[in-house]
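Breakdown of the fold
Residues per chain, in single letters:
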Amino acid sequence: MDVKRLFDVLLFQIEDRPQDICLSHKINNQWKSYSTKETMEIVNQLSTGLLSLGVQPGDKIGLASFNRPEWVFADFAISQIGAINVPMYPNSTSEDYAFIIEHAEIKVVLAGDIEIYRKFEEAQKSVNHSLTLFCFDEENETIHWQKLLEQGENIDQIEKLRAPIQYEDLATIIYTSGTTGNPKGVMLSHKNILSNAAAVSEVFAVGGPEHRTLSLLPLSHIFERTALYVYMQMGVSIYYAESMDTIADNMKEVKPHFFATVPRLLEKIYEKILMKGYELTGIKKNLFFWALELAKNNRLGENQGAWFNMQLGLANKIIFSKWREALGGEVQFIVSGGAALQPRLVNIFWAAQIHVLEAYGLTETSPGISFSKIDDLKVGCVGPLLTGVQVKIAEDGEILAKGDNIMMGYYKRQDLTDEVIDQEGWFHTGDIGEMVDNHFLKITDRKKEMFKTSGGKYIAPQALENKFAESLLIEQIMVIGEGQKFPAALIVPSFEKLKSWCQIHNINYTTDKEMVDNPEVINKFQKEVDNLNASFAQYEKIKKFWLLSQPWTIEKGEITPKLSMKRKIIKQNYQSEIDSIYS
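Residues numbered from 1 in each chain as written. Predicted model: local features only at pLDDT ≥ 70, side-chain atom pairs only at ≥ 80, totals over all residues. Heavy atoms only, no water.

Quick notes on the pattern of salt bridges
This is how it is decided: Think of a salt bridge as a Lys or Arg side-chain nitrogen and an Asp or Glu carboxyl oxygen that are within 4 Å of each other. A run of DSSP states H or I qualifies as a helix once it reaches four residues; a run of E qualifies as a strand once it reaches two. Both are numbered from the N-terminal end. For every residue, the accessible area (1.4 Å probe, protein chains only) is compared with the maximum for its type, and the residue is labelled buried under 20%, exposed over 50%, or partly exposed between those bounds.
What the rule picks out here adds up to 29 salt bridges. Glu475 serves as the salt-bridge partner of Lys268, at 3.6 Å between the closest nitrogen and oxygen. Taken together, the residues Lys268 in helix α10 (residues 263-279) and Glu475 in strand β22 (residues 474-480) connect sequence positions 207 residues apart. Overall, Lys268 belongs to the partly exposed group, its relative accessible area being 35%. Put simply, Glu271 and Lys497 hold a salt bridge, and the shortest N to O gap is 3.4 Å. Residue Glu271 is found in helix α10, and its partner Lys497 is found in helix α16 (residues 495-504); the two are separated by 226 residues along the sequence.

A short note on the environment of Ile569
As for its placement among the helices and strands, Ile569 is situated in helix α19 (residues 567-573). Judged by relative accessible area, which is 26%, Ile569 ranks as partly exposed. Once the C-alpha coordinates of Ile569 and Tyr167 are considered, the two residues, 402 residues apart in sequence, prove to be 40 Å apart.

A word on the sheet that holds strand β19 (residues 440-446)
The criterion, for reference: For two strands to be treated as a pair, DSSP must find no fewer than two bridges joining them. In this analysis an axis means a line fitted to C-alpha atoms, helices contributing only their contacting stretch, and an angle means the value between N-to-C directions, from 0 to 180 degrees.
Read from one edge of the open sheet, 4 strands run β15-β16-β18-β19, paired in antiparallel fashion. Pairing within the sheet leaves two strands with one partner each, and these edge strands are β15 (389-393) and β19. Strand-to-strand, the axes of this sheet are offset by a mean angle of 50°, without reference to chain direction. Alignment of β15 against strand β16 (residues 398-403), held across 5 bridges, turns out to be antiparallel. Bridged to Val391 within β16 is Ala401.

Concerning the sheet that holds β22
This is how the line gets drawn: For this analysis, residues touch if any pair of their heavy atoms sits within 4.5 Å.
Reading across the sheet, the 3 strands line up as β22-β23-β24 and stay open at both edges, with mixed pairing between neighbours. Since the sheet does not close on itself, it has two edges, and those belong to β22 and β24 (544-547), each with one partner. The mean inter-strand angle of the sheet, taken between neighbouring strand axes irrespective of direction, is 25°. In terms of strand pairing, β22 meets strand β23 (residues 488-493) through 6 bridges, oriented antiparallel. Each bridged residue has a counterpart across the sheet, and for Ile474 the counterpart in β23 is Pro493. Here helix α18 (residues 519-533) sits on the sheet and contacts β22, β23 and β24; the angle it forms with β24, its principal contact strand, is near 135°.

Side note on unusual backbone geometry
Residues Ser366 and Pro367 are joined by a peptide bond in cis, for which omega reads -5°. Tracing the backbone shows Pro367 in the loop between β13 (356-361) and β14 (368-371). With a phi close to 50°, Asn28 is a non-glycine residue in the positive phi region. One can find Asn28 in the loop between β1 (23-27) and β2 (30-34). A positive phi angle, close to 55°, is found at Lys255, a residue other than glycine. Examined against the element boundaries, Lys255 turns out to sit in the loop between α9 (247-254) and β11 (258-261). Lys255 sits in the partly exposed class, given a relative accessible area of 35%.

Remarks on helix α7 (residues 190-203)
Heads up, the rule is: By this rule, a helix spans an expected 1.5 Å times one less than how many residues it contains.
The end-to-end C-alpha distance of α7, which contains 14 residues, comes to 20 Å, matching closely the 20 Å that a straight helix rising 1.5 Å per residue would cover. When you tally the buried positions in α7, you get 10 out of 14 residues, the bulk of the element. In this fold, the buried residues of α7 make contact with α1 (8-16), α3 (69-79), β7 (170-176), β8 (184-189), α8 (222-234) and β14.

Section: the environment of Gly383
Positionally, Gly383 belongs in the loop between β14 and β15. The exposure class assigned to Gly383 is buried, which follows from its relative accessible area of 0%. It is 40 Å that separates the C-alpha atoms of Gly383 and Phe120, two residues lying 263 residues apart in sequence. The contacts of Gly383, once residues within four sequence positions are left out, are Ser370, Phe371, Ser372, His439, Phe440 and Leu441.

Some points on the pairing of strand β18 (residues 427-436)
When you tally the buried positions in β18, you get 7 out of 10 residues, the bulk of the element. As paired strands, β16 and β18 are joined by 3 bridges and run antiparallel to one another. Considered in β18, the bridge of Leu400 is made with His428. Bridge analysis of β18 against β19 gives 6 bridges, and the strand direction is antiparallel. Paired with Ile432 across the two strands is Asp445, which belongs to β19. What sits between β18 and β19 in their antiparallel hairpin is a turn of 3 residues, with Asp437 showing a positive phi close to 55°.

Observations concerning the pairing of strand β6 (residues 132-135)
Worth spelling out the cut-off: Seen with its strands pointing away from the viewer, a crossover is right-handed when the path leading from the first strand over the helix to the second is clockwise.
Sheet analysis places strand β5 (residues 108-111) next to β6, joined by 4 bridges and oriented parallel. Each residue of the ladder has a partner; that of Val109, found in β6, is Leu133. Taking the sense of rotation as the criterion, the β-α-β connection linking β5, helix α5 (residues 114-124) and β6 turns out right-handed.

Quick word on the side chain of Glu271
Look at Glu271 and you get buried, because its relative accessible area is 5%. In this structure, Glu271 is in contact with Arg264, Leu472 and Lys497, ignoring residues within four places of it in sequence.

Focus on α5
What counts here: We call two N or O atoms a polar contact when they sit within 3.5 Å, provided that within protein one can donate a hydrogen and the other can accept it, with sequence-adjacent residues counted only if both atoms are side-chain atoms.
Taken together, the buried positions of α5 are Ile114, Ile116, Tyr117, Lys119, Phe120 and Ala123. Lining the buried residues of α5 we find β3 (60-64), β4 (84-88), α4 (94-104), β5 and β6. The distance from a side-chain oxygen at the start of α5 to the backbone nitrogen of Glu115 is 3.2 Å, and the residue carrying that oxygen is Asp113.

A look at the environment of Glu555
Looking at where Glu555 falls in the secondary structure, it is placed in the loop between β24 and α19. For Glu555, a relative accessible area of 64% translates into the label exposed. Between the alpha carbons of Glu555 and Asn518 there is a distance of 28 Å; along the sequence they are 37 residues apart.

Purely geometric numbers; function is a separate question.
See the structure below:
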């Protein structure tokens, strides 16, 4: 069948490649799975339940939950009756929820757990219309979502509502968590998302009913959501990770063939591997760091000679095979997106036969613009363009994109839409980049985040921040210096790693607050900064830094649910420290 609406993805799977395990998650330490047939039945019952509440085509339904099959049930149930799914991050604040509920005129909300449910109850107090709340978890204080299934399934009514829905119709509104101001509602049509899913499917060299994936990233983000539709059309069994803390165990249980992630998670995987290496002793430790040094010297795409290749082959048998086992032992590739990935990590993982592919896009582009392939990639780039996507580089270096994947616009904000989509239909991404070898797209920075020092030199903070993130001791970093004589940085240490370092060097660790002022700790960070500065021009180097005793959090409004820094808020919160740096 022709897949032209989001709900067609499920109809396609049930007709073409029905699965015994379509969706699966863990309940009470046991995996509970749903077949394609069971999924379809629940989706139809949920659609009927929503209709019984008076939900009409075009109505907005809120959905906020950590990843679980119920999220997918709700998504298809909303879609096939012509209502609009408005997904929200489960870790957003009640204030963000209140704004979205009011702005999108949401009438019904499906919340994942009691904590999210309570945030919506709090949000409802400042909303000017009534809201019906349901919860996926069964709690005494909530209305359980399964009450909506009690109506059974009214197939005739559902089919009548499916029929008029068109490829170009609005399917979802995704509120971007933006680093400044209120969130913007990105309107995406069925065409936007499905054209992108089709292009991504072409990139997959593998994928079918015999494959498994582990879903880690929030389904409320378009990256994982578009991946959902790709997986389902291929007939891949989807397993949902219990939490970020259980990913390692879930990997070993599920043995995924591929999964999508963000650079920070890959960095954490690498850091855990490295820390285990430090715990080894004797010949095992020597072998570990011999293999790691080989991986660090790997240059993907270059022939480094028979001797290097022979050593790398041996390292893969005795050391890197254990790395792959930690990921389940069957991973064929990993897709990384959402932020820049350190080229060093790409080379290391590929040396260990863990194929990491970078992808690039935005919520406004559904999301894919470019996607690396196993046999077509370049380290430091985010891959060739996806089929159907056009890109051109503006005079100021900004990446412009055009294609069926470009959003319909921002909900109720034509003014903001006109700012980013020009009269010729080019979407202005806000990212600075270039085409390498006239084939690979490379991102160099965010247009709005570049700044100029008082000496007139332009600084690209993301390039510096990405490099400095290589240090195991640095958890978060923000480069500053607009209008100042030199760049500087606010640094949040990785306190877990700092404690280990202090223990090794016989330094008494008291509190995080006291340790950031400890002269020996400051001296260690100075050495880290000096070492990482080496690859930058003199005017780019971090001249001074300030260690902070508390991480930046969503609750304090300093980072978005996607973990992007809200630079303006961080600067406001730490103005006295910034003043001290430049005094």
